[in-house]
Amino acid sequence: MKSEYLSWSQLSALESNTYIGRYIHGDKFENDGMRFGKKFAEAIEMEIETGDPLIDYGVLFLPRGQYHEYKIEVDGLLGYFDAFDEPHKILEYKTGKTKWTEKKVKKGQALFYALMVYKKFKVIPEVELHHLNNEMEINTIRVKFTKKELQEMEKRVKKALLLKNEIHGLYE
């Protein structure tokens, strides 16, 4: 059975050898931070107060994009950006204690999303990651990717798609 698409979470699971458990056996992976992030994403998308001071602070002070929860599908890739200003800027929101650096932003989800925008709109977008930490501080990291970085992600995607289809072939 050939899989229909590849998402960032699938790529990440394939590269960390957790794909079979999560996507074949249905193992659930969720922690308090993930549940908080979902609650935050819903609040910022709906622009609602929740009664949680940290979430409400983020809703009030984080920048908005033209589109919220922007769905993009291109060349077998699927993504949902937290916010998007077509076609030049992706906005991602992160919460919690994890410290974000430009290096960390450039290696993961943001690069995957930038590749998708490049494939669809033929422009390399700017990515803004807005991190709201537990002390109500907002740290913004802006990155622009090079074609070489996009090509490296394309290699990762191709490798992951081959592995994903191989795995699904074994579990038909």
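Residues numbered from 1 in each chain as written. Predicted model: local features only at pLDDT ≥ 70, side-chain atom pairs only at ≥ 80, totals over all residues. Heavy atoms only, no water.

Asker: Help me understand the packing of helix H3 (residues 32-46) against helix H4 (residues 53-61), please; the structure alone is not making it clear to me.
Answerer: In helix packing, the relevant descriptors are the interaxial angle and the interaxial distance, both defined with respect to the helix axes. Two elements in contact, H3 and H4, have axes whose closest approach is 9 Å; the angle formed by their N-to-C orientations is 40°. By the angle class used here, H3 and H4 are oblique. For the crossing formed where H3 meets H4, the hand is right-handed. In this structure, H3 contributes Phe36, Lys39, Phe40, Ala43 and Ile44 to the contact, and H4 contributes Leu54, Ile55, Gly58 and Val59. (Axes fitted to C-alpha atoms, helices over the stretch in contact; angles between N-to-C directions. Helix = DSSP H or I, 4+ residues; strand = E, 2+ residues; numbered from the N terminus. Parallel < 35°, antiparallel > 145°, perpendicular 65-115°, else oblique. Left-handed = near helix turned anticlockwise from the far one by under 90°. Contact = heavy atoms within 4.5 Å.)

Asker: Sorry if this is basic, but what is going on with helix H7 (residues 147-170) here?
Answerer: With 24 residues, H7 should cover 34 Å at 1.5 Å per step; its first-to-last C-alpha distance of 35 Å lies within 8% of that length. What H7 keeps buried is the set Leu150, Met153, Glu154, Val157, Ala160, Lys164, Ile167 and His168. (Expected span 1.5 Å × (residues − 1). Buried < 20%, exposed > 50% of the residue type's maximum accessible area, 1.4 Å probe, protein only.)

Asker: I would appreciate a short explanation of the environment of Asn139 in the present structure.
Answerer: For Asn139, the location among the structural elements is in strand E6 (residues 138-144). Separated by 45 residues in sequence, Asn139 and Lys94 place their C-alpha atoms 9.7 Å apart. Contact partners of Asn139, with chain neighbours within four places excluded, come to Trp100, Leu129, His130 and His131.

Asker: How do you make sense of the packing of aromatic side chains when you look at a structure like this?
Answerer: Any pair of aromatic rings gets described here by the distance separating the centres and the angle formed by the planes. This structure, assessed with the given rule, holds 11 aromatic pairs. Judged by centre distance (6.4 Å) and plane angle (80°), the ring pair of Phe40 and Tyr93 falls under edge-to-face. Of this pair, Phe40 sits in helix H3 while Tyr93 sits in strand E4 (residues 89-95), and the two are 53 residues apart along the sequence. Exposure class is identical for Phe40 and Tyr93. Each is buried. Here Tyr57 and Phe61 contribute two aromatic rings whose centre-to-centre distance is 4.7 Å and whose plane-to-plane angle is 45°, an arrangement assigned as tilted. Of this pair, Tyr57 and Phe61 both sit in helix H4, four residues apart, which is roughly one turn of that helix. With a relative accessible area of 26%, Tyr57 lands in the partly exposed category. Judged by its relative accessible area of 51%, Phe61 falls in the exposed class. By the ring-pair criterion, three or more aromatic residues cluster together here, those being Trp8, Tyr67, Tyr70, Phe81, Phe84, Phe112, Tyr113 and Phe121. Lying across the ring of Trp100, Lys104 places its NZ or CZ 4.2 Å from the centre. The ring of Tyr5 has Lys164 sitting right over it, with the charged end atom 5.1 Å from the ring centre. (Phe/Tyr/Trp six-rings, centres within 6.5 Å; stacked < 30°, edge-to-face > 60°. Lys NZ or Arg CZ within 6 Å of the ring centre and 35° of its normal.)

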